Structures are given as C-alpha cells and as structure tokens.
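# Remarks on the overall topology
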Amino acid sequence: MPTIDQYSVSTVPVEMFFNETFLSLGTGFVWESSGQIFLITNWHNVSGRNPNTGAHLSTTLAEPNKLRVWWNVRNQLGNKQAVEHNLLDDEGRPLWFVHPDHQQGVDAVALPVLLPDIIEPYPITAMEQRDLEIQIGMDVFVLGYPFGITQGGLPVWKRGSIATEPQLANTGNQRHLLLDTASRPGMSGSPVIRKAWGSYMLTDGSVAMGHGSATKLVGIYSGRLAANDPLDAQLGIMWPAVLLNEIVSGGVRDEPR
C-alpha cells in the first residue's frame, strides 16, 4: 500500500452551483469540533461575491445555493464520491458560519455538514501537529485542486513562502498574510501548512530533531492579490488558522446580502 501524507486526505475539491448551473471550482478541508464536521472554505466561494467590494464573481451574476463536494470514500484511498450540500435554509438564510467579529472581512467560513456513512472525512484538526515556528521567508505548502480533481483524487502541493511578517497578521486592519506563490484557479479555500524535516524550530525557541517530518496548519488560502499585469508580483492571501478556530467556536451564521 502506498504511503500517503495524512494532510493530503484532509482536502476536498469543491464545485459551486446555482441549482444545476455550474459556477466555479474551489477547495475545502475538513474540521471537527465537539463531534460536528465542518467544511472550511472561503467566503467568496460560498457567497459568489468579492468580500471587499460585494461584486458578483460570476459573469452570470448568479450566487451559489449548493456545493458539490468530492469526499473521500471510506477504505478506498484516492476514490472520491460527490455529495451535495445546501448553502441556504428554507428562508434563504446562509447556513455557513462567519467570523463573529469581522464577518466577510475574514474570507473564510465553516459550513456544518452531515455525511453518509460511506464517507471518511479525515478532519485536519485530528492530525498530528507540532508547534513549529513561523517566520517571514519560510516555505509553506498550499494543498488544493487548481483544475478540479487530480489523478488519484489527491491535491496538488503548491510551494510558496511567507512574504509578510506573521506577527503583524490579525492586528489592526490587517488580518491576513501574503504568500509568494503562483497559484491557479481552484485553489481558493486550500489549507496552508508548514512542513519540516530533520531538525526544526519550535515557537518556544527550542530546536527539535526527529525522524520523518513535522507539520503545522498555518492558515487558509483565498487566492491571488489582484494584478493587472502578468509580470506583477505573484502574491497570494492567507488567513491565519487562529481565525478558523474563532469562526467555528463563534457559531455565528452569515446574513443574507
């Protein structure tokens, strides 16, 4: 049996639909809290709107009312099965949770989901993590589906580096970090992880050594910074993982727009 990194199975391809009309591709990952499974992805994926301007992202002006998520099938590594999840209740109110203080000012949401028994969710919150030091210039990986489901049903690991000071994230009006990476459509909503091999720095200033690798969830990716010229700096936006904890624990549903 092949050896697969456990973080590869935490991510799932996500397709946004308005009724039966396909709108866009994205990525999500699995979060568990108090026995409830959540799909973590971007606010702009589920709302169909730019979180800064409110403008529609689809040329059809349609907003998603359901997601088609390609979940991992239990005991069938690499095999995916589609499950559709409503985004709105019977009154048209969003079912997803937003940040309790900043709402769509944090481009991330948590959608509670119910899954059939055939699905194995692989929550990222249940995976081993080390308290790795995060500093500017360090390499990270964006785990996503740039063009939909890949061969074997597993995500692409896109390397990037932290391009702004992590200590300044989530302070004042700047709640995100920038990554130096050339991402592609479909990666919005991907987890961003730090992975180290051999010896690695911990946040308490110590250096740990061990066999294999150490991993830490750093945040969620929400796409490239807008650029008018293809030669402009290729920078992506990442929201720190602490904000995801606040979204899930806050339990605040979004309001209709």
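Read on for an overview of the structure. Just so you know, these numbers come straight off a predicted model, no measurement behind them.

## Topic: the overall build of the chain
Scanning the chain from N- to C-terminus turns up two helices and 14 strands. Radius of gyration (C-alpha) of the chain: 18 Å, near the 18 Å computed for a compact globule of 257 residues. Summarising its shape, the C-alpha atoms of the chain cover approximately 55 × 45 × 35 Å along the three principal directions. Each of the 257 residues in the chain was classed as buried or not, and the buried ones make up 49%. As displayed, the chain offers around 12,300 Å² of accessible surface, 50% of which is attributable to carbon and sulfur atoms.

## Focus: a nonpolar patch on the surface
Together, Met201, Val207 and Met209 line one region of the surface with nonpolar side chains, adding up to about 350 Å² of accessible area. As for its position among the elements, methionine 209 is in strand β12 (residues 207-224).

## Thoughts on the side chain of lysine 66
One can find lysine 66 in strand β4 (residues 66-72). Judged by relative accessible area, lysine 66 falls into the buried class, the value being 8%. Polar contacts involving the side chain of lysine 66 include one to the side chain of glutamate 20, which spans 2.7 Å. Setting aside its immediate chain neighbours within four residues, lysine 66 contacts Glu15, Met16, Phe17, Asn19, Glu20, Glu84, His85, Asn86 and Leu87.

## Quick word on the layout of surface pockets
Volume-wise, the largest pocket comes out at about 860 Å³. What lines the largest pocket is a set of 35 residues, among which His44, Asp107, Ser188, Ser222 and Gly223 lie closest to the centre. Mapped by element, the contributors of at least two residues to the lining of the largest pocket are β2 (21-33), α1 (43-47), β12 and β13 (235-240). The leading source of residues in the lining of the largest pocket is β12, at four residues. Within the lining of the largest pocket, the residues separate by chemical class into 15 nonpolar, 16 polar and four charged. Here the second largest pocket is characterised by a volume of approximately 190 Å³. Lining the second largest pocket we find 12 residues, and of these Leu177, Val218, Pro240, Ala241 and Val242 sit closest to its centre.

## Digging into the pattern of salt bridges
All told, the structure shown has 11 salt bridges when counted by the stated rule. The salt bridge partner of arginine 93 is glutamate 255, with a shortest N-O separation of 3.8 Å. Linking arginine 93 in the loop between β5 (80-86) and β6 (97-98) with glutamate 255 in the segment after β14 (252-253), this pair joins segments that are 162 residues apart in sequence. For arginine 93, a relative accessible area of 30% corresponds to the partly exposed category. Arginine 159 is paired through a salt bridge with aspartate 139; the nearest N and O atoms lie 3.0 Å apart. In this pair, arginine 159 sits in strand β9 (residues 156-162) while aspartate 139 sits in strand β8 (residues 139-144), placing the two residues 20 residues apart along the sequence.

## Observations concerning helix α2 (residues 241-250)
All of the buried residues in α2 are Ala241, Leu243, Leu244, Ile247 and Val248. Projected down its long axis, α2 carries its buried residues within an arc of 150°, all on one side. Contacts made by the buried residues of α2 are with β2, β3 (36-41), β6, β7 (109-113), β12 and β13.

## Some details on the sheet that holds β12
In spatial order, the strands read β8-β9-β10-β13-β12-β11; together these six strands close into a barrel with antiparallel pairing. Within this sheet the neighbouring strands show an average axis-to-axis angle of 45°, counted without direction. Two elements, β8 and strand β11 (residues 191-201), share two bridges in a ladder whose sense is antiparallel. The residue bridging phenylalanine 141 from the neighbouring strand is isoleucine 193, located in β11. Against the sheet, α2 makes contact with β12 and β13, and its axis sits at roughly 50° relative to β13, the strand it touches most.

## As for unusual backbone geometry
Unlike most non-glycine residues, glutamine 103 shows phi in positive territory, near 45°. Within the secondary structure, glutamine 103 sits in the loop between β6 and β7. Taking the relative accessible area as the measure of exposure, glutamine 103 reaches 31% and is therefore partly exposed. Phi at tyrosine 122 takes a positive value of approximately 50°, unusual for a residue other than glycine.

Rules behind the numbers
Residues numbered from 1 in each chain as written. Predicted model: local features only at pLDDT ≥ 70, side-chain atom pairs only at ≥ 80, totals over all residues. Heavy atoms only, no water. Helix = DSSP H or I, 4+ residues; strand = E, 2+ residues; numbered from the N terminus. Rg over C-alpha atoms; globule rule 2.2 N^0.38 Å. Buried < 20%, exposed > 50% of the residue type's maximum accessible area, 1.4 Å probe, protein only. Areas by Shrake-Rupley, 256 points an atom, 1.4 Å probe, with all protein chains shown as cover. Patch = residues over 30% accessible without salt bridge, like charges linked within 9 Å, V, L, I, M, F, W, Y side chains within 5 Å. Salt bridge = Lys/Arg side-chain N within 4 Å of Asp/Glu carboxyl O. Polar contact = N/O pair within 3.5 Å; in protein donor to acceptor, adjacent residues only side chain to side chain. Contact = heavy atoms within 4.5 Å. 1 Å grid on protein atoms, 1.4 Å probe; cavity = no way out; pocket = protein on both sides within 12 Å on 5 of 7 lines; lining within 4 Å. Points joined across faces, edges and corners; volume = space filled by probe spheres on them. Nonpolar A, V, L, I, M, F, W, Y, C, P; charged D, E, K, R; others polar. Arc of directions from axis to C-beta. Pairing = 2+ DSSP bridges. Axes fitted to C-alpha atoms, helices over the stretch in contact; angles between N-to-C directions.

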